[in-house]
Amino acid sequence: MAPQGKIYRGSVKDFQGFDANQDAEALYNAMKGFGSDKEAILDLITSRSNKQRVEICQAYKSLYGKDLIADLKYELTGKFERLIVSLMRPPAYGDAKEVKDAISGVGTDEKCLIEILASRTNQEIHDLVAAYKDAYGRDLEADIVGDTSGHFKKMLVVLLQGAREEDDVVSEDLVEQDAKDLLEAGELKWGTDEAQFIYILGRRSRQHLRLVFDEYLKIAGKPIERSIRGELSGDFEKLMLAVVKCIRSKAEYFAERLYKAMKGLGTRDNTLIRIMVSRSEIDMLDIREVFRTKYEKSLYNMIKEDTSGEYKKALLKLCGGDDDAAGEFFPEAAQVAYRMWELSAVKVELRGTVQPAGDFNDDGDAQVLRKAMKGLGTDEGAIIEVVTKRSNAQRQQIIKAYKAHYGRDLLADLKSELSGSLAKLILGLMLTPAQYDAKQLRKAVEGAGTDESVLIEIMATRNNQEIRAINEAYQEAYHKSLEDDLSSDTSGHFKRILVSLALGNRDEGPENLTQAHEDAKKLADVSSNDSSDSLETRFLSILCTRSYPHLRRVFQEFIKMTNHDVEHAIKKRMSGDVRDAFVAIVRSVKNKPAFFADKLYKSMKGAGTDERTLTRIMISRSEIDLFNIRGEFIDLFDKSLHHMIEKDTSGDYRKALLALCGGED
């Protein structure tokens, strides 16, 4: 049960009217005779707390002179047996068994060691060490030392001491010093001082480290996770990332572990069982809500889709409910969202991957391109080398030099020589950013049907200056106003959102705390009956007109006011293109590089590739924030953008995309 004054966040509670002897008898009867009543076993065991299960074991021994766990092992099989037996062990003995299994036999399950030692409290670590000694007559530290090596071993030993500081009084000076020491031990040092990372991340209190991470982001311009990925490697890197994630939010860490245990082909049942058992009486409600917030589906539904039989039924009982049906929003998810807003408010330098060429010669480049296209065949490699390694401004100079030199239109020549995806990519790079966006918008509205996703992506993410330049380019190219085309091709609130964004009149001032509170209140109000002040109108009047810094403050105020994330509220209360447009604006305000990283990932995951989206984003962000997008991509999906492009595309198109990507993370 939760400590006094603290709200209980587990999904499994003490059973009211508990009688250990009666439960022991019920289990004995369920296993007596031919076959066993698995339904009765799972119903009883998953609805008792661990403390009550331990009492049932003792009562069973007293009544029948038999070991309940041994009988359960005999009667049950497979994953269901492993789950039920795991529930019968006290938490410390459960952890001890998992650690013993992880280091026994051939090979070591490093992921299991990382998960347990990075996430447990000092007291839980001390209990684990004592339980291991009691159960196996061995010293846990000696066994870990014998089975691991290097910096990974050193950090595990530090965590095994259970000596993390627990004082919540934080010294600002020490926070600044630790952040500086971590920066100097990694990013600013030739090689890495791993000992400094081990000391600070292994010893300091959670409250202190959260502030250190915030300070690190300010002085390094990147989150600590990204530096760890760049500076450390192997199991040591994975361990340190797990420690950081657990410091930030254990619920978020376990939600991610559960998601990865079930996504894709096959299920990592050992991980799924271990987490569902170990967190069922600690923070399962928080894990559930963070899971739904991060992955847009409930943990309950993912377990339902990914498992079967009594095993599934038992897991769903431990889960404790379906958040997709419940419609609740719990504090831990709000805290995770709030932390993300605070991190996004820190000014991080945006960097493209394409820089102006230092030794630029427009005449020379024009000659190289002409030679590559003259005669029989085309030298695509030479074209890619020139076009992807020059800034857009330099490409415009090359177009003029080509015309002056040869009296020919470079874009027309490229169009006749190239084909397919490569042609679209290279020709897109030769247009100015405003011309390119205008062309994409025109394609999205002309012909049968409208590509709303393109309209949303471009209109929701461009700043005032970019929108105004797009309007001019659109008028010049198509002799129509963008606003007119958007109005004639869309309708309702969706049209109003796009037209409002197309004005390019978003406020550019700083946040106003008093106004932010009022705006949040307006967004949170679900009771207004005035049709002229509909929900969509209120969201439009704020999301489409306020400055980004101000909107970040509005989102923070919204969370404080409602315990809800504004994105969650939009998804719950709206639908269709209106919902998608507002969500895109919110995500762009929060973290624009992360918004584009998500779109790039979705363009390549699964069967087939959405080359239009991939090409459009790689072109449009290459000189703005593609370097930052790369960082967000690896943070979000644990794989690099470079790697995914390499795996998902081919030929000269791949070569050109990788050149724009600018490197492997």
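Predicted, not measured: the structure shown is a model, and the values here were computed from it.

Calculation criteria
Residues numbered from 1 in each chain as written. Predicted model: local features only at pLDDT ≥ 70, side-chain atom pairs only at ≥ 80, totals over all residues. Heavy atoms only, no water. Helix = DSSP H or I, 4+ residues; strand = E, 2+ residues; numbered from the N terminus. Rg over C-alpha atoms; globule rule 2.2 N^0.38 Å. Contact = heavy atoms within 4.5 Å. Areas by Shrake-Rupley, 256 points an atom, 1.4 Å probe, with all protein chains shown as cover. Lys, Arg positive; Asp, Glu negative; His and termini not counted. Charge placed at Lys NZ, Arg CZ, Asp CG, Glu CD. Patch = residues over 30% accessible without salt bridge, like charges linked within 9 Å, V, L, I, M, F, W, Y side chains within 5 Å. Salt bridge = Lys/Arg side-chain N within 4 Å of Asp/Glu carboxyl O. Expected span 1.5 Å × (residues − 1). Buried < 20%, exposed > 50% of the residue type's maximum accessible area, 1.4 Å probe, protein only. Phe/Tyr/Trp six-rings, centres within 6.5 Å; stacked < 30°, edge-to-face > 60°. Lys NZ or Arg CZ within 6 Å of the ring centre and 35° of its normal. Disulfide = S-S within 2.5 Å. Polar contact = N/O pair within 3.5 Å; in protein donor to acceptor, adjacent residues only side chain to side chain. Core = buried A, V, L, I, M, F, W, Y, C linked by side-chain atoms within 4.5 Å. Axes fitted to C-alpha atoms, helices over the stretch in contact; angles between N-to-C directions. Parallel < 35°, antiparallel > 145°, perpendicular 65-115°, else oblique. Left-handed = near helix turned anticlockwise from the far one by under 90°. Nonpolar A, V, L, I, M, F, W, Y, C, P; charged D, E, K, R; others polar.

## Observations regarding the overall build of the chain
A tally of helices and strands in the chain yields 41 helices and 0 strands. Against the globule reference of 26 Å for 665 residues, the chain gives a C-alpha radius of gyration of 29 Å, in line with a compact fold. Principal-axis analysis of the C-alpha atoms places the extent of the chain at approximately 100 × 65 × 60 Å. Summarising the internal contacts of the chain: among those between residues at least 6 apart in sequence, 73% fall at separations of at least 24. As displayed, the chain has an accessible area near 29900 Å², and 48% of this comes from carbon and sulfur atoms. The average position of the 99 basic charges and that of the 111 acidic charges among the side chains of the chain differ by 2 Å.

## Digging into a positive patch on the surface
Taken together, the side chains of K111, K238, K263, R268 and K605 define a basic patch exposed on the protein surface. For K263, the position within the fold is in the loop between α16 (250-262) and α17 (269-279).

## Regarding helix α11 (residues 172-185)
An α-helical turn contains 3.6 residues, so a residue and the one three or four places further along point in the same direction. With 14 residues, α11 extends 20 Å between its outermost C-alpha atoms, agreeing within 8% with the 20 Å of an ideal straight helix rising 1.5 Å per residue. Listing the buried residues of α11 in full gives V175, D178, A179, D181, L182, L183 and A185. Buried residues in α11 make contact with α12 (194-203), α13 (206-220) and α14 (224-231).

## Comments concerning the packing of aromatic side chains
Applying the stated criterion across every chain, the model contains 15 aromatic pairs. By way of ring pairs, the aromatic residues Y28, Y60 and Y64 are connected into one cluster. Above the ring of Y406, the side-chain terminus of R370 is found at 5.9 Å from the ring centroid.

## With respect to the state of the cysteines
Applying the stated criterion to the full structure yields 0 disulfides. This cysteine, C246, is not joined by any disulfide, and C112 carries the nearest cysteine sulfur, 13 Å off. The class for C246 is buried, based on a relative accessible area of 2%. Of the cysteine sulfurs around C319, a residue in no disulfide, the closest is that of C246, at 19 Å. Given the relative accessible area of 0%, C319 is considered buried.

## Details of the side chain of R292
By secondary structure assignment, the location of R292 is in helix α18 (residues 284-295). Separated by 2.9 Å, the side chains of R292 and E289 make a polar contact.

## Some details on the nonpolar core
Within soluble globular proteins, side chains that are nonpolar generally end up buried alongside one another. Judged by nonpolar contacts, the single largest core of 97 residues is most densely connected at F582 and M618. The element that contributes the greatest number of residues to this core is helix α37 (residues 576-604), accounting for 14 residues. Setting aside its immediate chain neighbours within four residues, F582 contacts I497, E536, F539, L540, L543, I570 and M574.

## With respect to the pattern of salt bridges
According to the stated counting rule, one finds 54 salt bridges in the structure shown. A salt bridge links D283 to R279; its shortest N-O distance comes to 3.0 Å. Each member of the pair, D283 together with R279, is buried. One salt bridge connects D519 with R546, and the closest N-O pair in it is separated by 2.8 Å. Of this pair, D519 sits in helix α33 (residues 513-524) while R546 sits in the loop between α34 (535-543) and α35 (548-562), and the two are 27 residues apart along the sequence. In this structure, a network of salt bridges that share partners links the residues R226, R229, K245, E252, E256, K260, K294, E632, D635 and D638.

## Description of the packing of helix α2 (residues 38-46) against helix α20 (residues 309-319)
Running from amino to carboxyl end, α2 crosses α20 at an angle of 20°, the nearest separation of the two axes being 10 Å. The angle between α2 and α20 falls in the class roughly parallel. In the crossing of α2 with α20, the sense of the turn from one axis to the other is right-handed. Each of K38, E39, L42, D43 and T46 in α2 lies in contact with α20, whose residues at this interface are E310, K313, A314, K317 and L318. For the contact of α2 with α20, the residue count by class is 3 nonpolar, 1 polar and 6 charged.

## Let's talk about the packing of helix α15 (residues 234-248) against α16
One can describe the packing of α15 onto α16 by two numbers: an axis separation of 5 Å at closest approach and a directional angle of 125°. Relative to α16, α15 is oriented oblique. Of the residues in α16, those in contact with A242, K245, C246 and R248 of α15 are K250, Y253 and E256. Of the residues in the contact of α15 with α16, the class split is 3 nonpolar, no polar and 4 charged.

## Considering the environment of G428
Positionally, G428 belongs in helix α27 (residues 420-430). C-alpha of G428 to C-alpha of V583: the two residues are 155 residues apart in sequence and 27 Å apart in space. Among residues more than four places away in sequence, those in contact with G428 are Y436 and I619.

## Side note on the side chain of D269
As for its position among the elements, D269 is in helix α17. On the basis of relative accessibility, which here comes to 16%, the residue D269 falls in the buried class. Only 2.8 Å separates the side chain of D269 from the side chain of Y311, close enough to count as a polar contact. Discounting chain neighbours no more than four positions away, the residues touching D269 are K79 and Y311.

## Here we look at the environment of I287
Topologically, I287 is positioned in helix α18. With relative accessibility at 0%, the residue I287 sits in the buried group. Distance in space between the C-alpha atoms of I287 and E252 is 6.4 Å, their sequence separation being 35 residues.

## Some words on unusual backbone geometry
Even without being glycine, H479 reaches a positive phi, approximately 55°. Non-glycine residue D638 carries a positive phi angle of around 55°. Looking at where D638 falls in the secondary structure, it is placed in the loop between α39 (626-637) and α40 (641-648).

## Description of α17
Within α17, 9 of the 11 residues are buried, which leaves the element mostly enclosed by the surrounding structure. Considered for burial, the residues of α17 that qualify are D269, T271, L272, I273, R274, I275, M276, V277 and R279.

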